[in-house]
Amino acid sequence: MEHQSLPSSRWSRLIPVIFITYSLAYLDRSNYGLGAAAGLKQALHMSAASSSLLASLFFLGYFFFQVPGAHYAKKHSAKKLVFWALILWGIFASLQGVITNLPLLYVDRFLLGVVESVVMPAMLIFISHWFTNGERSRANTFLILGNPITVLWMSVISGYLIQWFHWQGMFIIEGVPSIIWAVIWWAVVKDKPEQARWLNQAEQQAIITTLAAEQEGMAQVKNYREAFCSRPVILLSLQYFFWSIGVYGFVLWLPSMIKAASHVGIVSTGWLSSVPYLLAAILMLMTSFLSDRRPHTRKAYVWISLLIGAVAFYLSYLLGSGHFAMSFILLVIAGGAMYAPYGPFFAIVPSILPSNVAGVAMALINCMGALGSFVGSYFVGYLNNVTGGPNASYIFMALSLVLAVLLTMAVRVRKSGSGLNQVMSERQMFR
């Protein structure tokens, strides 16, 4: 295969930086769940609705700037965009531990989402400048692997930070590394291979030529509107909306659900909350490597994984709150299964759309995921508080994943054919 002759140094130089950058973004968005479990709600005298709204406002801010961020990264510089985002989200994340006025905290949480919204599309576009279609599932996985790996160690470390410095100290301390990392990001990263001094001219040209050759089979889609109206993008956007309901309902409220069901302390809650993400990391790596070996099977890896997650949530509901050990095992399975297919999922779009629109199309899909995250984080928190237990939330997340499965199965990803022909054909079928 063509990519075998490409410089392997791309992986050792870029993937660790990509991984750490997204890990820090995920740290500063998801530590709210442990802060809420540790007494933030009581300290600020919040109602159940206020607590759920504060958790979910991040995702409302995250919704608005995905597409503009992708457009800037594509036309100008992903490096510059991520640099400023690192600094700003570190500041807003730390302010969560300083602000005690609830309306101001709402604003801060929303702005944190706005700043972080540009990171995922910018990073996906950055990856598309360096890695081929046959490598992209693995590269995407190493990006998104920052998600479960971060929650894994964050769940443990944050528990100790809360114990030592209170929940306010945890927020302040965990916002600082992003600001420091911005300097390292700026020094190490280059937007495109031709800018990288650590590659010789032949290596630069090999990457550029290979990526250009991949585009030769795809006639250009004229504009963003044409890409956004294609059947695959519409279906994948809806799919990611429902998938994200399950993921972020799980991520933000798992510590509260464990603490309520097991009656253990915050440090033990942190340790238990980390277990699903260990399985998630293992499954993400396995799924991405397998799907890169057979790219035409990527869709199957996505829907089968999500179906397993839905079944695990439903079985947790059937068990009820009186069987914590078994219910916890099922939650571990659900969490791992929901995370497993991220790499293959984000490799689907660049395989069916040309590079001039693929990055922004992925931003639109991620944008709908942000909206689903808002719905999931709000309603799961609300249902937990109103019903006094997680059972209603399990059904809500299971149904959302089932809808995601059905929508994934409806996407037609062909083994061959030009990108434009496929898109136009899919548009006709959609109509």
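You'll find the structure just up there.
Residues numbered from 1 in each chain as written. Predicted model: local features only at pLDDT ≥ 70, side-chain atom pairs only at ≥ 80, totals over all residues. Heavy atoms only, no water.

Draft legend 1. A look at a nonpolar patch on the surface. Together, Leu307, Val311, Tyr314, Leu315, Tyr317 and Leu318 line one region of the surface with nonpolar side chains, adding up to about 510 Å² of accessible area. Positionally, Tyr314 belongs in helix α14 (residues 298-319). Take Tyr314: its relative accessible area is 40%, and that puts it in the partly exposed class. (Patch = residues over 30% accessible without salt bridge, like charges linked within 9 Å, V, L, I, M, F, W, Y side chains within 5 Å. Areas by Shrake-Rupley, 256 points an atom, 1.4 Å probe, with all protein chains shown as cover. Salt bridge = Lys/Arg side-chain N within 4 Å of Asp/Glu carboxyl O. Helix = DSSP H or I, 4+ residues; strand = E, 2+ residues; numbered from the N terminus. Buried < 20%, exposed > 50% of the residue type's maximum accessible area, 1.4 Å probe, protein only.)

Draft legend 2. A look at the packing of aromatic side chains. Within this structure, the stated rule accounts for 27 aromatic pairs. Taken together, Tyr240, Trp243, Tyr277, Tyr339, Tyr342, Phe345 and Phe346 form an aromatic cluster joined through their ring pairs. Above the ring of Trp186, the side-chain terminus of Lys79 is found at 4.4 Å from the ring centroid. (Phe/Tyr/Trp six-rings, centres within 6.5 Å; stacked < 30°, edge-to-face > 60°. Lys NZ or Arg CZ within 6 Å of the ring centre and 35° of its normal.)

Draft legend 3. Main features of the side chain of Gln96. Within the secondary structure, Gln96 is located in the loop between α5 (78-95) and α6 (102-116). Its relative accessible area of 3% is what places Gln96 among the buried residues. Side-chain polar atoms of Gln96 contact the side chain of Arg109, separated by 2.7 Å. (Polar contact = N/O pair within 3.5 Å; in protein donor to acceptor, adjacent residues only side chain to side chain.)

Draft legend 4. Seen up close, the side chain of Arg231. Position of Arg231 relative to the elements: it lies in helix α12 (residues 231-262). Its relative accessible area of 13% is what places Arg231 among the buried residues. At 3.2 Å, the side chain of Arg231 forms a polar contact with the backbone oxygen of Ala410.

Draft legend 5. Broad picture of the pattern of salt bridges. On inspection of all chains with the given rule, the structure shows one salt bridge. For Arg10, the salt bridge identified is with Glu135, shortest N-O distance 2.7 Å. Of the two residues, Arg10 is situated in helix α1 (residues 9-30) and Glu135 in helix α8 (residues 133-144); the sequence distance between them amounts to 125 residues. Residue Arg10 is classed as buried on the basis of its relative accessible area of 1%.

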